[in-house]
Amino acid sequence: MTRWSETEYTTVRELRGPLAVVQGVGGVGWDEYARLTLASGERRHGLVLEADRDLAVVQVFEGTSGMDPGGLRVSFAGTPLRIPVGDGWLGRVCNGRGEPLDGGPPVLAPTSAPVNGTPVNPVRRRPPAEPVLTGVGVIDVLTTLVRGQKLPVFSAAGLPHLRLATQIAAQASTGGEAFSVVFAGMGLTHADADFARDALEPRAAAGELVLLLNTADAPVIERILTPRLALTVAEHLAFTGGRHVLVVMTDMTSYAEALREVSAARGEVPARRAYPGYLYSDLASLYERCGRIHGLPGSVTVLPVLTMPGGDITHPVPDLTGYITEGQIVLSREMHGRGVYPPVDVLSSLSRLMRKGAGEGRTRGDHLDVAAQLIAAMARAREVRELADLVGRAALSPADLRHLELEEKFGGLFASQGQEELRTLDDAMDRAWEVLLTLPRSQLAMLPGELLDAHGAGEAR
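Starting from 1, residues in each chain are numbered consecutively following that chain's sequence as written. This being a predicted model, a pLDDT of at least 70 is required before a residue's local features are given, and a value of 80 or more before pairs of side-chain atoms are given or counted; all residues contribute to the totals for chains, interfaces and linings. Excluded from the side-chain calculations are hydrogens and water; all other atoms, namely the structure's heavy atoms, are used.

Peer 1: Lay out the overall build of the chain with the relevant residues and their values.
Peer 2: The secondary structure listing takes helices from DSSP runs of H or I that are at least 4 residues long and strands from runs of E that are at least 2 residues long, numbered from the N terminus. In terms of helices and strands, the chain carries 13 helices and 20 strands. Just to be clear, the radius of gyration here is over C-alpha atoms, and the globule rule we use is 2.2 Å times residues to the power 0.38. A compact globule built from 461 residues would reach a C-alpha radius of gyration of about 23 Å, and the chain, at 25 Å, matches this within 12%. When the backbone C-alpha atoms are referred to their principal axes, the chain occupies close to 85 × 45 × 40 Å. The buried label applies to any residue whose accessible area, calculated with a 1.4 Å probe on protein chains only, is under 20% of its type's maximum; exposed applies above 50%, and partly exposed to all values in between. Per-residue burial over the chain gives 54% buried out of 461 residues. In the chain, once contacts between residues fewer than 6 apart in sequence are set aside, the share between residues at least 24 apart is 72%. We call two residues contacting when some pair of their heavy atoms lies within 4.5 Å.

The structure is reproduced here in structure tokens:
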């Protein structure tokens, strides 16, 4: 229960966008929780963005629409915003501020935690290890997600990134250990929010999912709060509850645009493409809340999804995200145009921690060798296709023609799967072997001889 100060301030100097500027305050600090009472008795809440001498700038979660500065009373809690945390969140569907959308009561718990989290001493961090299997074959085989990792999905307008995000959230697992998913949707249309809710309803009903849905017509401040709320819930489920938690956050570009809007309302000097200069540190404050901690059970794994405006990977949001995270999964318009789902561009995608979570004793003994050989074969196939466009297929060698055949089989047999299909790792690996055996043995130099013998690889078909 938040204990509010008995002092109420009525000197609201101005309302500017989602911000309220309060004058004549004393003892108010940055990030402090605020309550605003309208003349009608309606209450709204916010956070102190800035405190300077006797001025406090408060971002109002519900927006300032309909508010009259002359009739406002503002009080402060003296502490940052805290939310209840615990298993009570599992199975719930809430908006971006944590208010129920499922008709149930508010989430209550005896324990609360600040939404901004607490920085973890790097000495206490354990390296990410063991896989999180998504049930999406091309990701599990070639860009394996590891417990405690932050691995973003880079997409573009018109590509099925929301469908992929909900599919991963619906079917991801950690090999029978206690596992939960926190799904945070930001800036979603109502149609997209309904789609995510329907797609994830079975997992929510099973008590394995927390669903936070911020829609595009909600106040912009809520969008800034949503990922922090999701991570706070996830941290308690993981490090207190002993669960392995996957946090899926989409769309981080919508989050960054909300941050830019608030920054403009505050009158801050803009940096690249009008984003605030602290965009990097702000994104890092979210992404770095994942991981594993010595002496504590569980793990938090983060899968942020972001759209690249105009497909530009040098745009500030994907560019800065790439510096902070440990790899990326890139979706391709070309693969999407060929009817492949999910349209992953495997040559632009990588998981830098894949070796920590794959291989003997974790997935399969042949996993890393097969993944390396398949990526090398696809790189050669792309070179051959470009060569064929120049000189024609008739000028290609038999080995080159096999590579073109491999590329076709890769998209149809291995990469493509149903939008609700849960593909096991063994099934995905068997398909990868079938694709590789399109090539003669001489072209599979990255695979040990005993593996080739076991799978019947030969020079001729």
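Peer 1: Which residues make up the side chain of Gln328, and what values do they have?
Peer 2: Following the sequence through the fold, Gln328 ends up in strand β19 (residues 327-330). Whenever a nitrogen or oxygen atom comes within 3.5 Å of another N or O atom, the pair is scored as a polar contact, on the condition that within protein one atom can donate a hydrogen and the other can accept it, and that pairs from neighbouring residues in sequence are kept only if both atoms are in side chains. Among the polar contacts listed, one links the side chain of Gln328 to the backbone oxygen of Ser348, at a separation of 3.0 Å. Excluding its chain neighbours within four sequence positions, the residues that come into contact with Gln328 are Leu151, Pro152, Phe154, Ser348, Ser349, Leu350 and Arg352.

Peer 1: Summarise the nonpolar core; cite the residues concerned and give the values.
Peer 2: The tendency in soluble globular proteins is for nonpolar side chains to be buried as a group. Buried residues of nine kinds, namely Ala, Val, Leu, Ile, Met, Phe, Trp, Tyr and Cys, make up a nonpolar core once their side-chain atoms join them within 4.5 Å. Ranked by size, the top nonpolar core spans 65 residues in total, and within it Val138, Leu142, Phe183, Leu246, Phe410 and Phe414 carry the most contacts. A total of seven residues in this core trace back to one element, the largest contributor, which is helix α12 (residues 425-436). Among residues more than four places away in sequence, those in contact with Phe410 are Val138, Leu142, Val346, Leu374, Met378, Ala415 and Val435. Residues Ile221, Val233, Leu259 and Ala265 belong to the second largest nonpolar core, which totals 61 residues.

Peer 1: If you had to explain the packing of aromatic side chains to someone new, which residues and values would you point to?
Peer 2: Two measures describe an aromatic ring pair: the distance that separates the ring centres and the angle between the ring planes. The aromatic pairing rule takes the rings of Phe, Tyr and Trp, using the six-membered ring of Trp, and pairs them if the centres are within 6.5 Å, calling planes under 30 degrees apart stacked, those over 60 edge-to-face and the rest tilted. For the structure on display, the rule yields three aromatic pairs. Ring centres of Phe410 and Phe414 lie 5.2 Å apart, and the angle between their planes is 50°; this geometry places the pair in the tilted category. In this pair, Phe410 and Phe414 both sit in helix α11 (residues 398-415), four residues apart, roughly one turn of the helix. On the accessibility criterion, Phe414 (0% relative accessible area) is buried. Charge-over-ring placement is defined geometrically: NZ (Lys) or CZ (Arg) within 6 Å of the ring centre, and within 35 degrees of the ring normal. One Lys or Arg, Arg260, reaches over the ring of Tyr275 and ends 4.3 Å from the middle of that ring.

Peer 1: Summarise the pairing of strand β7 (residues 82-85); cite the residues concerned and give the values.
Peer 2: Only one face of β7 is buried: it carries Ile83 and Val85, and the other face, with Arg82 and Pro84, is open. Looking at chain direction, β7 and strand β9 (residues 111-114) are connected through four bridges and run antiparallel. Among the inter-strand pairings, Pro84 is bridged to a residue of β9, identified as Ser112. We treat two strands as partners when DSSP finds at least two bridges between them.

Peer 1: How would you sum up the packing of helix α10 (residues 367-391) against α11? Please name residues and give values.
Peer 2: To define axes, lines are fitted to C-alpha atoms, for helices over the stretch in contact only, and angles between the resulting N-to-C directions are given on a 0 to 180 degree scale. Axis separation between α10 and α11 bottoms out at 8 Å; the angle between their running directions is 120°. Between α10 and α11, the crossing angle belongs to the class labelled oblique. Pair α10 / α11 crosses with left-handed handedness. Across from Leu374, Ala377, Met378, Arg380, Ala381, Val384 and Arg385 in α10, the residues of α11 making contact are Asp400, His403, Leu404, Leu406, Glu407, Phe410 and Phe414. Under the scheme applied here, ten amino acids are nonpolar (Ala, Val, Leu, Ile, Met, Phe, Trp, Tyr, Cys and Pro), four are charged (Asp, Glu, Lys and Arg), and all others, including Gly, are polar. Grouping the constituent residues of the contact of α10 with α11 by class yields nine nonpolar, one polar and four charged. Our angle categories are set so that under 35 degrees counts as roughly parallel, over 145 as roughly antiparallel, 65 to 115 as roughly perpendicular, and the remainder as oblique. Each crossing gets its hand from how the near helix is turned against the far one by less than a right angle, where anticlockwise is left-handed and clockwise is right-handed.

Peer 1: With reference to specific residues and values, describe unusual backbone geometry.
Peer 2: The omega torsion across Thr250 and Asp251 is 10°, close enough to zero to call that bond cis. Put simply, Tyr341 and Pro342 share a cis peptide bond, and its omega is -5°. Within the fold, Pro342 resides in the loop between α8 (333-337) and β20 (350-351).

Peer 1: Provide a residue-level description of the pattern of salt bridges, including the pertinent values.
Peer 2: The salt bridge criterion pairs a side-chain nitrogen of Lys or Arg with a carboxyl oxygen of Asp or Glu, the two atoms within 4 Å. Evaluated as defined, the whole model comprises 27 salt bridges. As a salt-bridge pair, Asp426 and Arg364 come within 3.3 Å of each other at their nearest N and O atoms. Of this pair, Asp426 sits in helix α12 while Arg364 sits in the loop between α9 (354-357) and α10, and the two are 62 residues apart along the sequence. Take Asp426: its relative accessible area is 44%, and that puts it in the partly exposed class.

Peer 1: How would you explain helix α4 (residues 220-239) if you had to name every residue and give the values?
Peer 2: Because an α-helix packs 3.6 residues into every turn, residues spaced three or four apart end up facing the same way. To estimate the expected span of a helix, subtract one from its residue number and multiply by 1.5 Å. With 20 residues, α4 ought to run about 28 Å at 1.5 Å a step, and its terminal C-alpha atoms sit 30 Å apart, in line with that. The quantity called bend is, for any residue, the angle between two axes fitted respectively to the seven residues ending at it and the seven beginning at it. At Thr226, α4 shows its largest bend, some 30°, and a proline, Pro227, comes one to four positions later.

Peer 1: Kindly report on the side chain of Gln417, identifying the contributing residues and their values.
Peer 2: Note that Gln417 resides in the loop between α11 and α12. At a separation of 2.8 Å, a polar atom in the side chain of Gln417 contacts the main-chain carbonyl oxygen of Glu421. Residue contacts for Gln417: discarding those within four places in its chain leaves Gly135, Val136, Gly137, Gln167, Gln171, Tyr341, Pro342 and Arg423.

What is shown is where atoms sit, not what they do.
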